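Secondary and tertiary structure notes
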Amino acid sequence: MSSQDPTQYLTFMLAGEVFALGILAVKEIIEYHSLTVVPMMPDCVRGVINLRGAVVPVMDLLARFGRPSSGVTKRTCIVIVEVQNAEQESQVIGVIVDAVNEVLDIAPADIEPAPAFGARIRTDFMQGMGKVKGKFVILLDANHVLSIDEVTQLVQKTAISPALALN
């Protein structure tokens, strides 16, 4: 495959905006069902699910972006994604999305760099902006936006903060 071949992306909706993840990171899409809540997790981790015997953390991307969560509807899904952590180990994570749209081919020539300002999410979460049918799709960098290492740091800060308040 040459570097000019289109790459496939799974597009989905979050709060009325279209986002995409590289299809190679996506393992499966399952219907949303109840989550087991785990105490002392950061707001962006909604809980865990049992996926064929494996415990899979489920992340709310809108909360990760610092925005209010969408309500659960009949189109709400969990996208199961495999990411690499800092030690290059694979980690499977579920991502709550409002609705899955389609798989699109986006050529490298149709991908612009992430804007330095004006985006409502951190630029390191974005791989770029894909141009599709005259509109932009936000291409997410799964390894950054779903970084378990960074979420773990958030948990540690949350656990330490109340102790600091007592001193």
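Parameters and conventions
- Residues numbered from 1 in each chain as written.
- Predicted model: local features only at pLDDT ≥ 70, side-chain atom pairs only at ≥ 80, totals over all residues.
- Heavy atoms only, no water.
- Pairing = 2+ DSSP bridges.
- Helix = DSSP H or I, 4+ residues; strand = E, 2+ residues; numbered from the N terminus.
- Salt bridge = Lys/Arg side-chain N within 4 Å of Asp/Glu carboxyl O.
- Buried < 20%, exposed > 50% of the residue type's maximum accessible area, 1.4 Å probe, protein only.
- Phe/Tyr/Trp six-rings, centres within 6.5 Å; stacked < 30°, edge-to-face > 60°.
- Core = buried A, V, L, I, M, F, W, Y, C linked by side-chain atoms within 4.5 Å.

Describing the sheet that holds strand β11 (residues 135-140)
The strands that make up a sheet pair up through hydrogen bonds in the backbone, lying either parallel or antiparallel. Spatially, 6 strands are ordered β8-β1-β2-β11-β10-β9 in an open sheet, and the strand pairing comes out mixed. Of all strands in the sheet, those bounded by a partner on one side alone are β8 (99-106) and β9 (111-112). As judged from the 6 bridges shared by strand β10 (residues 126-132) and β11, these two strands associate in the antiparallel manner. Its bridge partner being in β11, V132 is matched across the sheet by K135.

Section: the pattern of salt bridges
Inspection of every chain in the model, using the stated rule, returns 6 salt bridges. Across the pair D60 and R46 runs a salt bridge whose closest N-O atoms are separated by 3.2 Å. In this pair, D60 sits in strand β5 (residues 54-60) while R46 sits in strand β4 (residues 45-51), placing the two residues 14 residues apart along the sequence. Taking relative accessible area as the criterion, D60 reaches 6% and is therefore assigned buried. E102 serves as the salt-bridge partner of K133, at 3.9 Å between the closest nitrogen and oxygen. One end of the pair, K133, is in the loop between β10 and β11; the other, E102, is in strand β8, with 31 residues separating them in the sequence. Here K133 falls in the exposed class, since its relative accessible area comes to 71%.

Structural notes on the packing of aromatic side chains
Describing an aromatic ring pair means giving the distance of the ring centres and the angle of the ring planes. Counting across every chain of the model gives 3 aromatic pairs. Arranged with centres 6.3 Å apart and planes meeting at 20°, the rings of F12 and F19 form a pair that is stacked. Grouping residues by exposure puts F12 and F19 together as buried. Aromatic side chains F65 and F125 sit 6.1 Å apart centroid to centroid with 40° between the ring planes, which places their arrangement in the tilted category.

Quick word on the nonpolar core
Formed by 30 residues in total, the largest nonpolar core has its most connected members in L61, V81, L140 and L146. Looking at this core, the elements that each hand over two or more residues are β1 (7-14), β2 (17-22), α1 (61-64), β6 (77-84), β7 (90-97), β10, β11 and α2 (142-145). When residues of this core are assigned to their parent elements, the largest contribution, 4 residues, is made by β6.

Re unusual backbone geometry
If you check the backbone angles, A15 has positive phi at about 50° while not being a glycine. When you line up the elements, A15 lands in the loop between β1 and β2. Positive phi values are uncommon outside glycine, yet M40 reaches one of about 65°. Overall, M40 belongs to the exposed group, its relative accessible area being 64%.

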